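An overview of the molecular structure
Residue-level listing of the chains:
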Amino acid sequence: MKIVIIGASGTVGRAVAEELGRRHEVIRVGRTQGDYQVDITSQASVQALFEKIGPVDAIVSASGGLYFGPLATMKDSDFNQGLQDKLLGQVRLALTGQHYLNEGGSITLISGIVAHEPIAQGVNATTVNAALEGFVRAAACELPRGIRINLISPTVLTESVETYDGFFPGFESVPAATVAQAYRRSVEGVQSGRVYKVGY
C-alpha cells in the first residue's frame, strides 16, 4: 500500500511511520519536515499536497493543534485555534483526500481521551475531539468506492507525560508504539466509522 502520513515528525506520527513502513510505502508529511510539507489550516496547501503526491491507498493523520487554558479567560480567538487546526484541519484532509484515494482506500484521523474524560483547561480539546468522533461516524455512512474512515483516540502518551505535567492527574499513559498498532488496525483492517480507544 501507498500511505501518506500527515504529522509524521510528531511522537505518534514517528511511531506510526515506523510501524506501517515495515510493510508499506510510507510518505512522511509535516508542517516543516518530511518528504512533503503541508499546512492543514490552509485548503490551498492541502490541495497542493495531494496534487503532488497523487493517488494513495491510505491517508493517515497524527496532527492537529489545540488550545489549553482556563474557560474563565478564554476568548473566541483562543477557542478557534483548535477548531481551525485539529478539527477543520483533519476534516479538510478527509474532504480533499477522499478524491485522491484508490478504491477501497482508508482515512485515519486522531482525537483523544478528553473527548470522554474532560480535564481542567481542556474545554477546547474536549469539544474538538468529540466533534471529530461525530464527523467520522457520519462520514463513514457516505464515503463511496469502498473507502473507509476511522478515528484513533489515545490517552496521554508515555512520551508526553512530562510535557503535560498536571493536566492528566491519575491517567495511565500508553507508549506511542501502542497507539501505532491502532493505526495499523485501521489501515489494514476492514472496519469503518470506528473510534479506536487506546489506553482507556
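Further up the page is the structure itself.
Computed from a predicted structure; not experimentally measured. (Residues numbered from 1 in each chain as written. Predicted model: local features only at pLDDT ≥ 70, side-chain atom pairs only at ≥ 80, totals over all residues. Heavy atoms only, no water.)

Re the packing of helix α3 (residues 76-97) against helix α4 (residues 123-139)
Defined as follows: Axis definition: a line fitted to C-alpha atoms, limited for helices to the stretch in contact. Angles are taken between N-to-C directions and run from 0 to 180 degrees. By definition, any uninterrupted DSSP run of H or I lasting at least four residues is a helix, any uninterrupted run of E lasting at least two residues is a strand, and each is numbered from the N terminus. An angle counts as roughly parallel when it lies under 35 degrees, as roughly antiparallel when it exceeds 145, as roughly perpendicular when it falls between 65 and 115, and as oblique in every other case. Less than a right angle of anticlockwise turn of the near helix away from the far helix marks a crossing as left-handed, whereas a clockwise turn marks it as right-handed. Residue contacts are defined here by distance: any two heavy atoms, one from each residue, within 4.5 Å place the two residues in contact. Each residue gets one of three labels, nonpolar for Ala, Val, Leu, Ile, Met, Phe, Trp, Tyr, Cys and Pro, charged for Asp, Glu, Lys and Arg, and polar for the others, Gly among them.
Viewed as axis vectors pointing N to C, α3 and α4 meet at an angle of 20 degrees, and their least axial separation amounts to 9 Å. Between α3 and α4, the angle falls in the class roughly parallel. For the pair α3 and α4, the crossing hand works out as right-handed. Contact residues: α3 offers F79, G82, L83, K86, L87, Q90, V91, A94 and L95, while α4 offers V123, N124, T127, V128, N129, A131, L132 and F135. A per-class count over the contact of α3 with α4 returns eleven nonpolar, five polar and one charged.

Quick word on the pattern of salt bridges
Selection criterion: Counted as salt bridges are all cases of a side-chain nitrogen of Lys or Arg within 4 Å of a carboxyl oxygen of Asp or Glu. The buried label applies to any residue whose accessible area, calculated with a 1.4 Å probe on protein chains only, is under 20% of its type's maximum; exposed applies above 50%, and partly exposed to all values in between.
The tally for this structure, following the rule as stated, stands at eight salt bridges. Put simply, R22 and E19 hold a salt bridge, and the shortest N to O gap is 2.7 Å. In this structure R22 comes out as exposed when scored by relative accessible area, which is 54%. Note that E19 is salt-bridged to R23, the shortest N-O span being 2.8 Å. Shared partners join several salt bridges into a network, and the residues in it are E18, E19, R22, R23, R184 and E188.

Some remarks on the packing of aromatic side chains
Rules: Here a pair means two rings of Phe, Tyr or Trp (six-membered ring of Trp) with centres within 6.5 Å. Their orientation is stacked below 30 degrees between planes, edge-to-face above 60, and tilted elsewhere.
Taken as a whole, this structure holds six aromatic pairs when the rule is applied. Consider the rings of F168 and F171, whose centres lie 5.3 Å apart with planes at 85 degrees: the pair is edge-to-face. What makes F168 buried here is its relative accessible area of 17%. Among the aromatic residues, those joined into a ring-pair cluster are F68, Y164, F167, F168 and F171.

Focus: the sheet that holds strand β5 (residues 101-110)
Cut-off, in case you're wondering: Should DSSP find at least two bridges between two strands, the strands are taken to pair.
An order of β3-β2-β1-β4-β5-β6-β7 is seen for the seven strands of this open sheet, with the pairing classed as parallel. On the outer flanks of this sheet lie β3 (36-37) and β7 (195-198), each paired with one strand and no other. Along the sheet, helix α1 (residues 11-20) makes contact with β1 (2-6), β2 (25-30), β4 (56-61) and β5, crossing β1 at roughly 170 degrees. Its contacts with the sheet place α3 against β1, β4, β5 and β6 (148-154), and it is angled at close to 175 degrees to β5.

Considerations on the environment of K52
Within the secondary structure, K52 sits in helix α2 (residues 43-53). Sequence separation between K52 and Y36 is 16 residues, and the spatial gap between their C-alpha atoms is 8.8 Å.

Concerning unusual backbone geometry
In this structure, Q121 is a non-glycine residue whose phi angle is positive, near 65 degrees. Looking at where Q121 falls in the secondary structure, it is placed in the loop between β5 and α4.

Some points on the nonpolar core
Which entries qualify depends on this criterion: Working definition of a nonpolar core: buried Ala, Val, Leu, Ile, Met, Phe, Trp, Tyr and Cys residues. They are joined through side-chain atoms within 4.5 Å.
Residues V4, I6, V29, I59 and I149 are the most contacted members of the largest nonpolar core, which totals 29 residues. At the level of secondary structure, the elements contributing two or more residues to this core comprise β1, β2, α2, β4, α3, β5, α4 and β6. With residues up to four places along the chain from it excluded, the contact list for I59 reads V4, I6, F50, L93, G97, Q98, L101, S106, I107 and T108.

Here's the deal with α1
An α-helical segment advances 3.6 residues per turn. Residues three or four places apart therefore align on the same side. Counting buried residues in α1 gives seven out of ten residues, a clear majority hidden from the surface. Within the sequence span of α1, burial applies to V12, G13, A15, V16, A17, E19 and L20.

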